[in-house]
Amino acid sequence: MNRTAYIRFAALLLSIPFLVFSCKTPTIDKEPKRGLVAENAMVVSARGEASRIGVEIMQKGGNAFDAMMATEMALAVTFPFAGNLGGGGFAVYRMANGDIGSIDYREKAPGAAHRDMYLDENGDVIPGLSTKGALASGVPGTIAGIFEAQSKFGKLDPKEILQPVIDLARNGFVVSTQQASRLQGIREVVREVNGEDTFFGKEWNAGDTIKNIALAETLERIANNGRDEFYKGETAKVLVDHMQKMGGIITLEDLAAYEAVWRDPVVFDYKELRIISMAPPSSGGVTIGQILKMVEPFDLRSMGHNSADYVQVLTEAMRRAYADRNYYLGDPDFVEIPIAELLDDEYLRNRMESFDPDKATLSSDIAEGSVLFAESMETTHYSIMDTEGNALAVTTTLNGAYGSKVYLDELGFFMNNEMDDFSSKAGVPNMFGLIGAEANSIAPGKRMLSSMTPTLVERNGKLWMIVGTPGGSTIITAVAQTILNAYEFDMTMQEAVEAPRFHHQWLPDQILFEENSLDSTLLKILTAKNYLINEGRTPIIGSVDAIMVLPDGKLEGGADPRRENEAAGF
């Protein structure tokens, strides 16, 4: 849509009565809306079955890291949209004694990958090659990550942890209405990629029970033989054979060489808060740090939640942070990343010097380029707090919905299409409209840049919040707004999660608002300042799963009603 079309679109919107902006800052005479409150421990995830299994493991004497293994695998069973064995992720932790850290189990490019593997003879990107089919997959990291974390910090035997998940896969789970719609939506492409008889090529309707026997058997082998079953055992051989028959390049050597990596998280202050988030190859920690530190000098509270002034200030911070993200960030094992400089107070003050409260800054003034935009809810996040006070924020992904659409019928899971998160060609957008530079170019063994932002927040030296979300390039801005909702506007965890959100990512140069969340006054003020508004194309921005530690020590779960998220606790 060009600029003239946007102006006409805005004029049309001004002629229509708008729904009043909802979920405003709670008032004194209004009873605050709270999520589930638990005394001892909690899991909030994308599926109730996964949350409950995680809690069950903690009730048996396990801790957060045992619950991580159980929850992650239960999501692989019940939420194949994003839960996975064939993908990867990040986890940020804070132990009860205040020690912090993170683990990177992001996928890696296979050894046969190369910089121009998705380009044609003219040097142009071949559409779909990095998003669909066997060539789109990186080497999976999920099993390595959960085993590495659990072996270092967990308390139970993995066989005990995985047994209820194996039972869940064998006995089945009930397909929800939302899930049935998703499965119907991808049925034809899954059949196209895998053949008509593939498991998820069947017609699944709401109320059906899915029993994934192949996945149960895979999990049973992993429970008996450990992580090496996936990377060196029978499972590895079946995976490689299947992928190579479909034209993929992952080898047994690639799987055997894969290791999860412990990394120092990104840590920064926002007023009295200390925020602990994921470091590269996640762009989350650095980018959320830039956004929050750029808005820190402004009196956001007095502006009012989601007022025109508030939206404008946050938008301008988002714009500048995403421009830096796309240029500087990549795999720290391959490129030098100036994290300290990017989070330097003076640097960020200088970045905001061009901010003009009377008009929009053009993204073309920050950096060159124009792109089309499409968004996908491709990841899944879960938050865990155990009885000992250990906290985990975990985000895991296949990238696109159901990943590359390659389904390993013999093993019972989808493979990722994470190779699309590399810059297939510098300056050309990926499936989320994000432009990358040389720092994120393809190389053998390299981890691709991610927007995943698992985050912990301390207040007054104590753990206060565990937060994260799916949502592609909108993850970072959704997490930032959730933190600001709770801190600046005194919302409960549930209110902070439910409040309407907006998003800007530098390119394309437009603000996205969730459907029915933009009133006519706000639209009029922003369009008068030359902001381009796109309210309708992305119906939701993120799907946050969060936990807040209340003043009395109890835990409040924030389960986002935008999707089927659910909190469980005891």
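Residues numbered from 1 in each chain as written. Predicted model: local features only at pLDDT ≥ 70, side-chain atom pairs only at ≥ 80, totals over all residues. Heavy atoms only, no water.

Some remarks on the packing of aromatic side chains
- For the structure on display, the rule yields 25 aromatic pairs.
- Taking the centre distance of 5.8 Å and the plane angle of 70° together, the rings of Phe 65 and Tyr 93 count as edge-to-face. Of the two residues, Phe 65 is situated in helix 3 (residues 64-78) and Tyr 93 in strand 3 (residues 88-94); the sequence distance between them amounts to 28 residues.
- Residue class for Phe 65 comes out buried when judged on its relative accessible area of 2%.
- What links up through ring pairs into an aromatic cluster is the set Phe 79, Phe 81, Phe 199, Phe 200, Trp 204, Tyr 402, Tyr 407 and Phe 414.
- A cation over an aromatic ring shows up here: Lys 152 above the ring of Trp 262, its NZ or CZ 4.3 Å from the ring centre.
- Above the ring of Trp 464, the side-chain terminus of Arg 459 is found at 4.7 Å from the ring centroid. (Phe/Tyr/Trp six-rings, centres within 6.5 Å; stacked < 30°, edge-to-face > 60°. Helix = DSSP H or I, 4+ residues; strand = E, 2+ residues; numbered from the N terminus. Buried < 20%, exposed > 50% of the residue type's maximum accessible area, 1.4 Å probe, protein only. Lys NZ or Arg CZ within 6 Å of the ring centre and 35° of its normal.)

Side note on empty space enclosed by the protein
- Scanning the entire structure with this criterion turns up 3 cavities of 30 Å³ or more.
- If you trace the largest cavity, you find 15 residues lining it, with Ala 46, Phe 79, Pro 470, Ser 543 and Arg 563 closest to the centre.
- Elements that contribute at least two residues to the lining of the largest cavity include exactly helix 6 (177-194) and strand 10 (379-385).
- A per-class count over the lining of the largest cavity returns 5 nonpolar, 5 polar and 5 charged.
- Within this model, the second largest cavity holds a volume of roughly 80 Å³. (1 Å grid on protein atoms, 1.4 Å probe; cavity = no way out; pocket = protein on both sides within 12 Å on 5 of 7 lines; lining within 4 Å. Points joined across faces, edges and corners; volume = space filled by probe spheres on them. Nonpolar A, V, L, I, M, F, W, Y, C, P; charged D, E, K, R; others polar.)

Observations concerning the pattern of salt bridges
- Evaluated as defined, the whole model comprises 34 salt bridges.
- In this structure, Arg 47 engages Glu 564 in a salt bridge whose closest nitrogen and oxygen atoms are separated by 3.9 Å. Of the two residues, Arg 47 sits in the loop between strand 2 (42-45) and helix 2 (48-59) while Glu 564 sits in the loop between strand 20 (555-559) and strand 21 (566-569), which places them 517 residues apart along the sequence.
- Arg 47 sits in the buried class, given a relative accessible area of 5%.
- Among the ionic pairs, Glu 458 bridges to Arg 94, the shortest N-O distance being 2.6 Å. Remark: Arg 94 occurs in strand 3 and Glu 458 occurs in strand 14 (residues 455-459); sequence separation between them is 364 residues.
- A relative accessible area of 6% means that Glu 458 is categorised as buried.
- With relative accessibility at 9%, the residue Arg 94 sits in the buried group.
- A cluster of three or more residues bridged by salt bridges with shared partners is formed by Asp 104, Arg 263, Asp 331, Asp 333 and Arg 447. (Salt bridge = Lys/Arg side-chain N within 4 Å of Asp/Glu carboxyl O.)

Observations regarding helix 4 (residues 142-153)
- Over its 12 residues, helix 4 extends 17 Å from the first C-alpha to the last, a length consistent with the 16 Å expected when each residue adds 1.5 Å.
- Three or more residues of helix 4 are buried, namely Thr 142, Ile 143, Ala 144, Gly 145, Ile 146, Phe 147, Ala 149, Gln 150 and Phe 153. (Expected span 1.5 Å × (residues − 1).)

Some remarks on the sheet that holds strand 2
- The strand order 7-4-3-11-10-2-21 describes an open sheet built from 7 strands, whose pairing is antiparallel. Strands with a single pairing partner mark the edges of an open sheet, and in this sheet they are strand 7 (261-263) and strand 21. With direction set aside, neighbouring strand axes in the sheet form an average angle of 15°.
- The pairing of strand 2 with strand 21 spans 4 bridges and is antiparallel. Bridge pairing links Val 44 to Ala 567 in strand 21.
- On the sheet, helix 2 packs against strand 2, strand 10 and strand 21 and is oriented at approximately 160° with respect to strand 2.
- In the packing of helix 4 onto the sheet, contacts are made with strand 3, strand 4 (100-105), strand 7 and strand 11 (391-397), and the angle to strand 4 comes to roughly 150°. (Pairing = 2+ DSSP bridges. Axes fitted to C-alpha atoms, helices over the stretch in contact; angles between N-to-C directions. Contact = heavy atoms within 4.5 Å.)

Regarding the packing of helix 3 against helix 4
- Taken N-terminus to C-terminus, the directions of helix 3 and helix 4 make an angle of 160°; their axes are 8 Å apart at the nearest point. What the angle tells us is that helix 3 and helix 4 run roughly antiparallel. The two elements helix 3 and helix 4 cross, and the hand of that crossing is left-handed. Between helix 3 and helix 4, the contacting residues are Phe 65, Asp 66, Met 68, Met 69, Glu 72 and Met 73 on the first element and Thr 142, Ile 143, Ile 146, Phe 147, Ala 149, Gln 150 and Phe 153 on the second.
- A breakdown of the residues in the contact of helix 3 with helix 4 according to their chemical character gives 9 nonpolar, 2 polar and 2 charged. (Parallel < 35°, antiparallel > 145°, perpendicular 65-115°, else oblique. Left-handed = near helix turned anticlockwise from the far one by under 90°.)

Description of the UniProt feature "binding site: L-glutamate" (unreviewed entry) in the protein chain
- Summarizing the sequence annotation, UniProt attributes the feature "binding site: L-glutamate" (unreviewed entry) to Arg 106, Thr 397, Leu 398, Asn 399, Asp 421, Ser 450, Ser 451 and Gly 472 in the numbering used throughout. Of the annotated set named above, Leu 398 line the second largest cavity.
- With respect to the helices and strands, Leu 398 occurs in the loop between strand 11 and strand 12 (407-408).
- Tracing the chain through its elements places Ser 451 in the loop between strand 13 (413-414) and strand 14.
- Reaching out from Ser 451, the side chain makes a polar contact with the side chain of Arg 325 at a distance of 3.2 Å. (UniProt positions renumbered as here; feature names shortened; annotations may be inferred. Polar contact = N/O pair within 3.5 Å; in protein donor to acceptor, adjacent residues only side chain to side chain.)

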